[in-house]
Amino acid sequence: MTTDHGAMPAPDPVPQDDAAPYWEATKEHRLVLPRCTSCATFIWYPRGFCPACGSFEIEWIEAPGTGEIYSFSIPRRGQGAYRDAAPYVLAYVELDLPAGATDGPRVITNIVDVDVDTVRVGQRVTAVFHDTESGHALLRFRPS
Amino acid sequence: MTIRGAAHIAGAYEHPLRTIPHRTTPQIHAEVAVGALADAGLTLADVDAYFCAGDAPGFGPLSMAEYLGLNRLSYIDSTEIGGSSYVAHVGHAAAAIAAGKCSVALITLAGKPRTGGAPPGGAGRLGAAPEFSFEAVYGTSVLTNYAMAATRHMHEFGTTSAQLAEIKVAASTHAQHNPDAFLRDVVTIDEVLESPMVCDPLHRLDSCVITDGGGALLVVSPEVAAGLARMAPVILGHGEAPKHTDNGRIDLTHTGALWSGPRAFEEARLTPADVDYASIYDSFTITVLQTIEDLGFCAKGEGGRFVSDGGLQSPNGRLPFNTDGGGLCNNHPTNRGGMTKVIEAVRQLRGEAHAAVQVPDCDIVLAHGTGGSIGTRHGSATLLLGREA
């Protein structure tokens, strides 16, 4: 599957079995987060284990797909798949959680569809999905 | 049990070259092992414990024990926490000696990323890591993640690029006196700021060098140390900690030194005010700034002011640091700088740093390693050493 992402590559992930529900949802451009059924802690990165209480019982909850930039950097020279993509924006985005939960996870991602020199900490962003050759999609963000 | 006074560093050796095309990586391990043993006045036959990390080829300590001809080992440790490994190894060796498991521990590091050969240890396994598909697919690198830590520190505390540049300026001021240093030219704040931006907000001169090289240490019992001619600094305290992304709640403004530092100071019964010289891991300038705050040399957020106006320059600065030129200028052998941090700390206690940068009356030193990335996950290890127990 080929999709136009501008200059940004979309390398295939190597999904681990215990993160499969996350990656399956990306195929439909949906963001789901693992949540522990025992202690209700949201888990990041996605995995089949709760690092807060030690439970293996995980449910997958749809997230709003919005958030705020916690930090970012701007590589001026790319490597590997990103060789021709620089400059681009790498960022930690703090995700909004569903149903009033707070302290969302800070996830590594890219900020796209933006003049790289205008990106700021604290900026509000909205999810976009970029399809990969493997049929999954990468969670990225653009300014809200 | 404490390791305070339980062991000494009797030998230390830094490979003098920064490109080593004529030796294999195992040969460089052997060359630095022989160098450290000669420094201590010991031989391979005296070694009863061996420590190495992810840079050791093949089956790590098993391959290297065989290659080096270590035939009477009663203790082995291949703790792999990146560039901080060798600082942790010193603490582990002291604990093993205190427990009576061994009495002469050899620690080696070697590799040659400048001239090619095997990549730095561990890199080949990262694809199998559970976090891989949530990071690397976005174009991350060591540089990009340290740069994100710098951005957040600047955002929260107003730290500036010029303050970060002060750290490189201090390192270069020291490196001019080190004939083996990879970069010997003194640079100015403006030269750092005018060097190419490699990943905002970090410039090329905010980054460490890439060098072939190696180093080795010998940690011995007090009984062994007493029989040697060379001055052997005593180990006063050690602390270590991993820091990771903490279930998505990473705080990019501090490092694991926030935890390893107090453990080392408590064991040594010392405070930051007692430290005469510090070797601080300097993969990037931001690494130094955050570590200095976390170790308690100044309050969180005050690092920028602390390093300004020559704050890190030896011998007259607030905290003389990295008098060999550090990883920023001298040497970052196989992308792992913890070994050289301990070696320069030993030189300072022995009074064998270059005369221009030797700290007068140097009695207490600190060496700190940071291995991995402060933007995601890393190991921290802190050592306190003294001239006397």
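Residues numbered from 1 in each chain as written. Chains lettered and ligands numbered in written order. Predicted model: local features only at pLDDT ≥ 70, side-chain atom pairs only at ≥ 80, totals over all residues.

Visitor: So, the packing of helix α4 (residues 142-157) of chain B against helix α9 (residues 285-294) of chain B: which residues are in play, and what are the values?
Guide: When two helices pack together, their arrangement is given by the angle between the helix axes and the distance between those axes. All names here are of chain B. One way to put it is that α4 packs onto α9 with a least axis distance of 9 Å and a crossing angle of 50°. When the axis of α4 is compared with that of α9, the two are oblique. Taken as a pair, α4 and α9 cross one another with a handedness that is left-handed. Side by side, α4 and α9 meet where Tyr146, Ala149, Ala150 and His153 of the first sit next to Ile286, Thr287 and Gln290 of the second. (Axes fitted to C-alpha atoms, helices over the stretch in contact; angles between N-to-C directions. Helix = DSSP H or I, 4+ residues; strand = E, 2+ residues; numbered from the N terminus. Parallel < 35°, antiparallel > 145°, perpendicular 65-115°, else oblique. Left-handed = near helix turned anticlockwise from the far one by under 90°. Contact = placed C-beta atoms within 7 Å.)

Visitor: Provide a residue-level description of the pairing of strand β10 (residues 364-372) of chain B, including the pertinent values.
Guide: All names here are of chain B. Most of β10 sits out of view: nine of its nine residues are buried. Of the pairings in the sheet, the one linking strand β9 (residues 277-280) to β10 comprises four bridges and is parallel in character. The residue bridging Ile280 from the neighbouring strand is His368, located in β10. In the sheet, β10 pairs with strand β11 (residues 378-386) via nine bridges, with the strands oriented antiparallel. If you follow Val365 over to β11, its bridge partner there is Leu385. Taking the residues between adjacent antiparallel strands as the criterion, β10 and β11 are bridged by five residues. (Buried ≥ 20, exposed ≤ 12 C-beta atoms within 10 Å, placed from the backbone. Pairing = 2+ DSSP bridges.)

Visitor: An account of the nonpolar core is requested, with residue identities and associated values reported.
Guide: Residues and elements named next belong to chain B. Within the largest apolar cluster, 157 residues are counted, with the highest numbers of intra-cluster contacts made by Ala105, Leu218 and Val219. For this core, the leading source of residues is helix α3 (residues 85-98), giving eight residues. Residues within four places of Leu218 in sequence aside, it is in contact with Ile9, Ala10, Gly11, Ala36, Leu37, Ala40, Leu42, Val104, Ala105 and Leu106. (Core = buried A, V, L, I, M, F, W, Y, C linked by C-beta atoms within 7 Å.)

Visitor: An account of the confidence of the model for chain B is requested, with residue identities and associated values reported.
Guide: Of all residues in chain B, 97% have pLDDT values of 70 or greater, and the mean over the chain is 96. Among the prediction metrics, the complex's ipTM stands at 0.96, with pTM recorded as 0.97. (pLDDT = per-residue confidence, 0-100.)

Visitor: Summarise the interface of chain A and chain B; cite the residues concerned and give the values.
Guide: Size of an interface, as often reported, equals the accessible area lost when the parts are brought together. Listed by partner, the interface residues are 35 residues for chain A and 27 residues for chain B. Looking at the side of chain A that touches chain B, the elements that each hand over two or more residues are β3 (66-75), β4 (89-95) and β5 (106-111) of chain A. With six residues, β3(A) is the single largest residue contributor to the side of chain A that touches chain B. For the side of chain A that touches chain B, the per-class residue count stands at 23 nonpolar, seven polar and five charged. Of the pairings in the sheet, the one linking β3(A) to strand β5 (residues 197-200) of chain B comprises two bridges and is antiparallel in character. Its bridge partner being in β5(B), Ile74(A) is matched across the sheet by Asp200(B). (Nonpolar A, V, L, I, M, F, W, Y, C, P; charged D, E, K, R; others polar.)

Visitor: Before we move on, can you summarise the environment of Gly41(B) with the specific residues and values?
Guide: Residue and element names in this part refer to chain B. Of note, Gly41 is situated in the loop between α1 (25-40) and β2 (49-51). Sequence separation between Gly41 and Gly227 is 186 residues; the distance between their C-alpha atoms is 9.6 Å. Setting aside residues up to four positions removed in sequence, Gly41 forms contacts with Leu228, Ala229 and Arg230.

Visitor: Go over the environment of Leu42(B) with me, naming the residues and quoting the values.
Guide: Residues and elements named next belong to chain B. Within the fold, Leu42 resides in the loop between α1 and β2. For the pair Leu42 and Leu218, spaced 176 residues apart in sequence, the C-alpha separation works out to 9.3 Å. Aside from chain neighbours lying at most four places away, what touches Leu42 is Gly11, Leu37, Val104 and Leu218.

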